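# Reading the structure
Listed here are the chains, written in short residue letters.
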Amino acid sequence: MKEKKKLDNIAPSDNLETTATEVKSAEEQIIETNVTETPLIVTDDTVTQQIHYKQLSPAMMVTRRFFRSRLSIVGLAMLVFLFLFSFLGPVFMHWFGYKWGETTTDDSIKIVHAGEWVEYTDAQGNVIKTYQYNDKEVNFNQYAPVSKDHWLGTDEKGMDVYIRLMYGGRISLTLGFVVVLLETLIGVILGGLAGYFGGWVDQIIMRIVDILNCIPTLPILLIASAVLESWKVDPKFNIYYLLIILTAFGWSGTARIVRGQILYLREQEYIVACEVMGVPTWRRIFKHLVPNIMPQLIVSMTLGLGSIILYESTLSYLGLGVPIPYAAWGSMISASTDPILMQNYPNLWIPAGILIVAAVLGFNFVGDGLRDAMDPKMKR
């Protein structure tokens, strides 16, 4: 009873109020921490509460901010699905008895009710063009409907659409990653040199960047395709020349980002200290400056992946990408440009279009999430 009376008689002192105010202020200033509270410690004179803070590392803070965004999680789930679908999908499908491959043709004979445009001249001399349907026998299962043997039917050559979507994803995703990595590597090297040295080095590199930005990329690619065709280059190597051209014209944006950041960072105290200590120039640039701009580079790379996939799909649609019978999402859509095919066989082009949209949206969602997560000014 005596102890209970002592507790009832304890009044908050000035020191206790000051301590509580300081603790509350510290709680408001500390961001992204784990808080663990211990029970009250009661003595004859004071009542104190111990609060322990566990500071998170920068990587953990970025991870927590990233996963707080629903769009980031949706984008990440979309990308995981696309990679599993494209790279592991054919393996699992073959395990479960789905026998078709990327270029495998269903050789079962089929009677096709096909049509063709026919022109004739009437008695008045007018040329009339009509579309006539005729039954003909083909040696492969052309335009087969959706069934248990062909989950998304077959195309004009009798090849399974579902499997070709998987192999087409490999081309689009791999090309996007390789091009973005090469663009970033070239942009970091040239942008780092321009930003650190300045002077005539900066002038030369930035004028090259300005020239590349003024050149329309699509006409250049069309000209390159015509040149390759005149040189009798094997069409299956078009994808490698496409990769080189996209890389050659795409590094300028990364170089500008790196140059702008290094122009700001090179005046910081730690870079001056490195210079006084005699640290080599290459080490100052690539060891101390470039790591500090990695957040911007990661966001730029992630957002660039979506545009590269769109570029590849557009060029494949124009016939500059992967040649038939090899699969790419853009070339699968280009094979269905006939209005009659688009109307009567939507299974040939709609799935490929959905996958392109999903890939671009997934990369954009992840890029936006990384940008917000790595921004220290974001308070979420």
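In this convention, every chain numbers its residues from 1, walking through the sequence in written order. Residues qualify for local features only when their pLDDT is at least 70, as the model is predicted, and side-chain atom pairs are given and counted only at 80 or more; totals for whole chains, interfaces and linings, by contrast, use all residues. The side-chain quantities take in all heavy atoms of the structure and omit both hydrogens and water.

### As for the nonpolar core
Counting residues in each nonpolar core, the largest one holds 49 residues, and the members touching the most others are I163, L165, L221, L242 and W329. Only DSSP runs of H or I with at least four residues qualify as helices, and only runs of E with at least two residues qualify as strands; both kinds are numbered from the N terminus onward. Every element with two or more residues in this core is listed here: helix 4 (70-95), helix 5 (161-197), helix 7 (217-230), helix 8 (238-265), helix 11 (294-317), helix 12 (329-334) and helix 14 (350-373). Every residue in contact with L221, bar those within four places of it in the chain, is listed here: L242, I245, L246, Y311, L315 and L320. Throughout this description, the term nonpolar core refers to a set of buried Ala, Val, Leu, Ile, Met, Phe, Trp, Tyr and Cys residues connected via side-chain atoms within 4.5 Å. Buried residues are those whose accessible area, probed at 1.4 Å on protein chains only, stays under 20% of the maximum for their type, while exposed residues exceed 50% and partly exposed ones sit between those limits. Here, two residues are considered to be in contact whenever any of their heavy atoms come within 4.5 Å of each other.

### Side note on the side chain of T302
Within the fold, T302 resides in helix 11. Of the polar contacts made by the side chain of T302, one reaches the backbone oxygen of I298; its length is 2.7 Å. When sequence neighbours within four positions are dropped, the list of residues in contact with T302 reads F363, V366, G367 and L370. A 3.5 Å cut-off defines polar contacts: any pair of N or O atoms within that distance qualifies, except that in protein one atom must be a possible hydrogen donor and the other a possible acceptor, and neighbouring residues in sequence count only when both atoms are side-chain atoms.

### Considering the confidence of the model for the protein chain
For every residue, the pLDDT score states the predictor's confidence, bounded by 0 at the bottom and 100 at the top. In this model, the protein chain carries an average pLDDT of 78, and 81% of its residues clear a pLDDT of 70 or more. Here residues 1-38 scores under 50 on pLDDT; set against residues more than four positions off or in separate chains, the count is 40 contacts.

### Overview of unusual backbone geometry
The backbone phi angle of Y143 is positive, close to 55°, even though this residue is not glycine. Inspection of the secondary structure assignment puts Y143 in the loop between strand 4 (127-138) and helix 5.

### Some words on a nonpolar patch on the surface
A cluster of nonpolar residues, F67, I73, L76, V80, L84, F87, L88, V91, F92, W95 and F96, forms a patch on the protein surface that exposes about 1,100 Å² of accessible area. The leading source of residues in the nonpolar patch is helix 4, at nine residues. In this structure, I73 sits in helix 4. When its relative accessible area of 39% is taken as the criterion, I73 is described as partly exposed. Patch definition: residues above 30% relative accessible area lacking any salt bridge, with like charges linked at up to 9 Å and the nonpolar side chains Val, Leu, Ile, Met, Phe, Trp and Tyr linked at up to 5 Å. Reported accessibility uses the Shrake-Rupley method at a 1.4 Å probe radius. Residues are deemed covered only where the shown protein chains occlude them. Salt bridges are defined by distance alone: a side-chain nitrogen of Lys or Arg within 4 Å of a carboxyl oxygen of Asp or Glu.

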